[in-house]
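Architecture and fold: a report
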Amino acid sequence: MESVLLLFICFVPILGLSNGTATEQDFTWHLKKVPQIVSERTFSLDSPKFEAKTKLELNSVCGIECQRKLPVPSLSDLKDLLSYETVFENGTRTLTEVNVLGLGLDPAGNTTTTPRSSRKKRQIYGTDSRFSIYDKRFMTNFPFNTAVKISTGCSGILISPRHVLTAAHCLHNGKDYVKGSKRLRVGLMKTKSRGDDGMPSFQWTRVKSTHIPKGWFKGVSGDIALDYDYAVLELKRPHKRKYMELGISPTIKMMPGSMIHFSGFDNDRSGQLVYRFCSISDESNDLFYQYCDAEPGSTGSGVYLRLKEPNKKKWKRKIIAVYSGHQWVDVNGEQQDYNVAVRITPLKYAQICFWIHGNDENCTQG
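The present account deals with the structure reproduced in this document. (Residues numbered from 1 in each chain as written. Predicted model: local features only at pLDDT ≥ 70, side-chain atom pairs only at ≥ 80, totals over all residues. Heavy atoms only, no water.)

**Side note on the nonpolar core**
Core analysis: the largest hydrophobic core is formed by 67 residues, its most contacted members being Leu82, Ile159, Leu165, Val186 and Ile352. Sequence-distant contacts of Ile159, that is, excluding residues within four places in its chain, are made with Val164, Leu165, Val232, Tyr243, Met244, Leu246, Ile319, Ile352 and Ile356. In terms of nonpolar packing, the next biggest core, distinct from the first, is built from 19 residues, Met255, Phe288, Cys292 and Leu307 among them. (Core = buried A, V, L, I, M, F, W, Y, C linked by side-chain atoms within 4.5 Å. Buried < 20%, exposed > 50% of the residue type's maximum accessible area, 1.4 Å probe, protein only. Contact = heavy atoms within 4.5 Å.)

**Examining the pattern of salt bridges**
Taken as a whole, this structure holds nine salt bridges when the rule is applied. Residue Glu85 pairs with Arg93 through a salt bridge whose shortest N-O separation is 3.3 Å. Across the pair, exposure class does not vary: Glu85 and Arg93 are buried alike. (Salt bridge = Lys/Arg side-chain N within 4 Å of Asp/Glu carboxyl O.)

**Some words on empty space enclosed by the protein**
Under the counting rule described, the total for this entry stands at five cavities of 30 Å³ or more. Approximately 110 Å³ is the volume attributed to the largest cavity. Along its surface, the largest cavity is lined by 14 residues, and Phe88, Glu89, Ser181, Lys182 and Leu184 are the ones closest to its centre. The greatest single-element share of the lining of the largest cavity, amounting to five residues, is contributed by strand β10 (residues 202-213). Split by residue class, the lining of the largest cavity holds six nonpolar, three polar and five charged. (1 Å grid on protein atoms, 1.4 Å probe; cavity = no way out; pocket = protein on both sides within 12 Å on 5 of 7 lines; lining within 4 Å. Points joined across faces, edges and corners; volume = space filled by probe spheres on them. Helix = DSSP H or I, 4+ residues; strand = E, 2+ residues; numbered from the N terminus. Nonpolar A, V, L, I, M, F, W, Y, C, P; charged D, E, K, R; others polar.)

**What to know about helix α3 (residues 75-82)**
When we look at burial in α3, the residues that qualify are Leu78, Leu81 and Leu82. Seen along its axis, α3 keeps its buried residues to an arc of 85 degrees; they face one direction. (Arc of directions from axis to C-beta.)

Next up, the structure:
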């Protein structure tokens with residue numbers, strides 16, 4: 001029965017129609033030419049202190065009304081925000097300054113906004129709609145096996161044979177790196193779990209280096225900027241699993257049923273892989289606001305959807321956002337809560353792709 005249910009929840013949402021008017025031909029991965037991120041200079045920095053405490057709920061960050069009032073960043077701003085720090089396993093740290101080439105008129109990626117919905121004040125909205133994955137046939141197969149556990153208490157997703165995408169605040173609080181990130185490890189689900197309790201066991205791999213955009217750091221963006229709450233970890237040893245490709249985030253109206261999916265390791269379901277899907281309720285140029293039921297621990301999960309490949313009948317999953325988690329933001333002077341995901345815009349696609357490949361040759365289209 002569980003297998004039937006899982007097949008149902010995994011495949012039925014992608015066939016849904018947006019507002020009852022769209023057809024399946026609308027739901028295609030439209031290839032876009034992306035800007036180029038090129039490194040200009042790299043500096044050595046002092047080693048981090050690694051003294052920050054991991055904090056999975058962020059206060060007083062720029063909410064959706066605040067986002068809409070922000071000016072479009074200039075090329076100079078983008079060069080500063082997209083420069084990045086790299087921390088290596090021996091504790092050394094560098095800063096790489098970048099240039100942005102081939103930028104179009106809309107650096108945010110031609111996204112639109114929609115009216116803000118009213119919000120409920122919980123991470124679980126009404127009936128808990130999460131599904132714990134117990135069946136090993138699903139747990140150890142694509143797309144569920146792309147989910148990984150981060151040793152600081154977060155989740156992540158495999159994006160290459162050596163790289164993991166997660167949230168920046170799982171590693172850094174805006175001022176310093178968190179304590180657990182000094183000896184960072186990534187847990188990949190083993191194909192054979194212990195016993196028959198459905199609990200995944202992990203093969204832990206050391207992290208060789210981490211990349212975090214400078215836009216995440218306080219003092220660069222004024223305060224913590226959720227727009228830049230993403231990071232890439234390079235594993236010390238490559239894995240041999242199927243990973244999920246990056247995609248450029250479409251707008252809500254270009255998604256079947258406005259539906260997104262993600263899996264992670266929620267703290268309140270210790271040791272379990274938890275899958276969920278939900279409709280996005282709002283968007284800004286860089287963020288999705290949604291009602292996906294989630295608890296701390298799932299932070300950093302890769303948010304994905306399935307669209308048709310151009311000129312093919314085949315549907316393909318791609319990562320289009322990083323789940324940033326449950327955040328408290330100031331809205332008209334009052335604290336309100338959101339479940340937020342950071343969209344992969346053309347600029348972020350270019351940067352993450354550059355981190356994976358070390359050059360921009362494989363990052364011309366997304």
